Every structure is written in structure tokens, then in C-alpha cells.
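# Structure assessment
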Amino acid sequence: MNTPTPLTPAQISFFHEEGYLIVPNVFDPADLEPLRAELHQEINRKARQLQTEGKLTNLHAELDFDRQLAAIYRDSKENGEAIMRHLEGLRGGGFHAPQMFDVIASPKLLSAVGGLLGSEEIVASSVYRIRPKLPNIGRGVVPWHQDSGYFAPHCDTSLIITCWVPLVDATVENGCMQILPRTHQGKVVTHHTGGNAGFLVIKDENLPDDPRKAITASCPRGGVVFMTNRTPHCSTPNTSDHIRWSVDLRYQSAETPNNVGLWPETIDAEGKADAAFYEKGNVACYPPEADFLVQSRKHPEQVTDYAEYVRRRETYDRTQPNFSAFRRWPASVAK
Ligand SMILES: O=C(O)CCC(=O)C(=O)O
């Protein structure tokens, strides 16, 4: 990866005024190749495991990264979902690899994030998601939400930046995001539970503006869509013939509440941490997952390396907290 190009003052102002920013060339597309290749290999590793267990017959190994998983899913929804669950990175477990960490800790990305945060002390969150949005499958369609809908209310007015990084060109056809601009200075609006695939959802009547004002966030591979935690966004169906792969990563200033360096003190026989750890001791914006220092000019010796990042993710994953105490949204009813 070569040297980062800092964001311009105009780009930074645009982000703060509009609540989002699309930068088409944060990365060279080649920078993302190691992650794409590793994900592709991981699909094959998991598919071979399912084959050994007698659940899968055709690996479709001749197909490219943006097609293989869709073919496996077409043969068997169960196998396709097993592989997707394995990759998605939910709850700290799932896929992590040096190639993933290299993207999270990429100087190019951190240069942009630092410009938007106005801070060089940057905390990354384990709340990242790897999204293979398969063609014509509803599961990857994400309803309107603000990321803060998922976070603890004490972080509502903090700035947490979502970096949405497509691993293929993201287009209207393959289901890129829609973003409602200039609405991110308002409150976290009411979300309902029970949206598509278990996602939270903001009903149209609760959106802070007319959804027809949404912009379409198409973005080439190498680009990044930056959003704030209060920017309403959603994503549309993939009507193309290939998978829309993306990862979304989250960062905040080290001054925003976080659980850097904090470990569950007690994990009982069932793997659950003491509830107090989540309710009092762990003030992170999303306490079930581990935050880590990813860049620091003041304390470079405290910046987390790959091994420590894995240890933190795995430890938090083992605790499996019940996070519902933090934010209770009403259940969705048919509109
Ligand atoms: O990738 C998508 O389709 C939606 C992403 C999203 O909602 C997010 O990153 O918060």
C-alpha cells in the first residue's frame, strides 16, 4: 500500500454538512486484493468442511470470488447460510485474518478517518461486518436505520464513523446503499425491531426527512463511503448476477466512550461475563464487542497489533452478553 492522500478541507466540510462522504479512491483496488483472496479461500475452506461432513457436493471452485458463494447458495440455502454466517464477523467471532486487520489499520483509511474525526488518536471497534449480498436474496437488504440505533444511548451525540468499503464496484444494480443527507445532526429516531433478517428498522414516518431525498451511494472498488452514526441509510436488493461484497468498519476518537484495554473479569462456566461488566464497567458504545486502539501519536506503544486484536475479539466473543438492556426499541408491527 502506498502513501495516503489526506482528505481536503472541502471533503471534510462536506462530510460534516451532509452526514456522508464518498471518496472513490481511498485505496488502490489492488490494496483490497489480499482481503478478497483470503475471503475467497475461506469460502473454499468452509465449503470443503461442509463437503467432508457430507452436506455439500459441488464446491463451484472454478467460480470467481463474486460468484462462487451464490452458486453454493443456489444449490443449498443451508450451506450458503452456514458459510455466510461464518464470514460475516458477527459477535467478534467469525472471520478475522491478517488481511482484514490490514484493511482496518490501513494508513490510507486512517488518514481519512483522522481527518473526519479531527483526531489522530483513533479507536477501532470490533463491530465490523462482512457482507456478501447475494443476487436476488432478500437477506442482505438492510432497512432504514441509523447505526446509533444499535449503540448505547450514551454515545448518541458522539461521532462514530462508519467506513463502508466495497470489495466489488457497488452499483444500483447490485444493491449499494441509499443515504438520507443532512439529517445527521438530529436525534436518534425511533427504530423498531423485526426488520428484514432481524435488522432494526426506521419506519418511513419516523425518518427525519422524506426518503425520496435519499442519495444513491454507488462507489467503485477502492472507494469508501463514510457516514456518521446518526446518518440514516439503507440498502436495496441486488438485482445483478454477482455478489455485492462489502465490509463496514467503525472508528471513533479515543475520547469517545470505549472499552479499550478492558477485559471481562469473570467469565462463568457457560462463558457469560458478569452482567455488571456490560451494564456498568464497560462503557463502550457497543459493549458486546471489543474496541482497540488502532492509531495513536501520543501512545504509539499502546496501538493494538493483530495478535492482540484477535485475543480481544475472541475473549469478547466467548462472553456472549445479553445486550438488550441498553436500548429497548418497540417491536415492529405490520405497516
Ligand atoms: O452493506 C449494506 O448493505 C448495509 C450496510 C449498513 O447498513 C451499515 O454499514 O451500517
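Residues numbered from 1 in each chain as written. Predicted model: local features only at pLDDT ≥ 70, side-chain atom pairs only at ≥ 80, totals over all residues. Heavy atoms only, no water.

Along the chain, the regular secondary structure elements total 8 helices and 10 strands. Over its C-alpha atoms the chain spans a radius of gyration of 19 Å, differing by no more than 12% from the 20 Å that the globule rule assigns to 335 residues. In terms of its C-alpha atoms, the chain occupies a principal-axis envelope of roughly 50 × 50 × 50 Å. Out of the 335 residues in the chain, the part that is buried amounts to 56%. Taking the intrachain contacts of the chain between residues at least 6 apart in sequence as the baseline, contacts between residues at least 24 apart amount to 85%. Counting only carbon and sulfur atoms, one obtains 51% of the accessible surface of the chain, whose full area is about 14,600 Å². Between the averaged position of the 35 positive side-chain charges in the chain and that of its 41 negative side-chain charges there is a distance of 4 Å. (Helix = DSSP H or I, 4+ residues; strand = E, 2+ residues; numbered from the N terminus. Rg over C-alpha atoms; globule rule 2.2 N^0.38 Å. Buried < 20%, exposed > 50% of the residue type's maximum accessible area, 1.4 Å probe, protein only. Contact = heavy atoms within 4.5 Å. Areas by Shrake-Rupley, 256 points an atom, 1.4 Å probe, with all protein chains shown as cover. Lys, Arg positive; Asp, Glu negative; His and termini not counted. Charge placed at Lys NZ, Arg CZ, Asp CG, Glu CD.)

With that settled, the discussion passes to the environment of Ser-106. Position of Ser-106 among the secondary structure elements: in the loop between helix H5 (98-104) and helix H6 (107-117). The class of Ser-106 is buried, set by a relative accessible area of 0%.

Taken together, the residues surrounding the ligand are Arg-131, Val-142, His-145, Asp-147, Trp-164, Met-177, His-233, Ser-235, Arg-244, Ser-246, Asp-248 and Arg-250. Residue Trp-164 places a side-chain N or O atom 2.9 Å away from an oxygen atom belonging to the ligand. Out of a free accessible area of 290 Å², the ligand has 99% covered by protein chains. Broken down by secondary-structure element, the contributors of at least two residues to the shell around the ligand are strand E8 (233-235) and strand E9 (244-253). Here the shell around the ligand gets 4 residues from one element, more than from any other, and that element is E9. The residue inventory of the shell around the ligand, partitioned by class, reads 3 nonpolar, 4 polar and 5 charged. (Near = heavy atom within 4 Å. Polar contact = N/O pair within 3.5 Å; in protein donor to acceptor, adjacent residues only side chain to side chain. Nonpolar A, V, L, I, M, F, W, Y, C, P; charged D, E, K, R; others polar.)

As far as domains go, the chain holds domain 1 (9-35 + 88-319) and domain 2 (36-87). Once you take the C-alpha centre of each, domain 1 and domain 2 turn out to be 25 Å apart. Counting residues at the interface gives 23 residues for domain 1 and 18 residues for domain 2. Overall, the association of domain 1 and domain 2 removes approximately 1,900 Å² of surface from exposure, summing both partners, and the carbon and sulfur fraction of that is 63%. A salt bridge links Arg-36 to Glu-33, with the shortest nitrogen-to-oxygen separation between them at 3.5 Å. For the pair domain 1 and domain 2, the number of links is 13 residue pairs in polar contact (both at pLDDT 80 or more). (Domains from an automatic or database assignment. Buried area = accessible area lost by both parts, 1.4 Å probe. Salt bridge = Lys/Arg side-chain N within 4 Å of Asp/Glu carboxyl O.)

To continue, consider the state of the cysteines. Per the counting criterion, the structure on display carries 1 disulfide. Here Cys-155 is linked by a disulfide to Cys-285, with a sulfur-sulfur distance of 2.1 Å. Given an S-S torsion of about -80°, the disulfide between Cys-155 and Cys-285 has left-handed geometry. One end of the pair, Cys-155, is in the loop between strand E3 (129-133) and strand E4 (160-166); the other, Cys-285, is in the loop between helix H7 (275-281) and strand E10 (291-295), and 130 residues separate them in sequence. For Cys-155, a relative accessible area of 1% translates into the label buried. Counting only cysteine sulfurs, Cys-219 is the nearest neighbor of Cys-163, a cysteine outside any disulfide, at a range of 11 Å. Overall, Cys-163 belongs to the buried group, its relative accessible area being 0%. Free of any disulfide, Cys-234 has its nearest neighbouring cysteine sulfur in Cys-176, separated by 9.5 Å. (Disulfide = S-S within 2.5 Å.)

Taken as a whole and assessed by the stated rule, the structure comprises 19 salt bridges. Across the pair Arg-182 and Glu-18 runs a salt bridge whose closest N-O atoms are separated by 2.9 Å. Here Glu-18 lies in helix H1 (residues 9-18) and Arg-182 lies in the loop between strand E5 (177-179) and strand E6 (215-217), a separation of 164 residues in the sequence. A relative accessible area of 57% places Arg-182 in the exposed class.

Another aspect to go through is the packing of helix H2 (residues 33-52) against helix H3 (residues 68-75). Following both chains from N to C, one finds H2 and H3 inclined at 25°, their axes separated by 10 Å at the closest point. Comparing the axis directions of H2 and H3 gives the class roughly parallel. Contact residues: His-40, Ile-43, Asn-44 and Ala-47 in H2; Gln-68, Leu-69 and Ile-72 in H3. A per-class count over the contact of H2 with H3 returns 4 nonpolar, 3 polar and no charged. (Axes fitted to C-alpha atoms, helices over the stretch in contact; angles between N-to-C directions. Parallel < 35°, antiparallel > 145°, perpendicular 65-115°, else oblique.)

With that settled, the discussion passes to the pairing of E10. Burial analysis of E10 places 5 of its 5 residues in the buried class, which makes it a mostly covered element. As paired elements, strand E2 (residues 122-125) and E10 share 4 bridges and run antiparallel to each other. Across the sheet, residue Val-123 finds its bridge partner in E10, namely Leu-293. (Pairing = 2+ DSSP bridges.)

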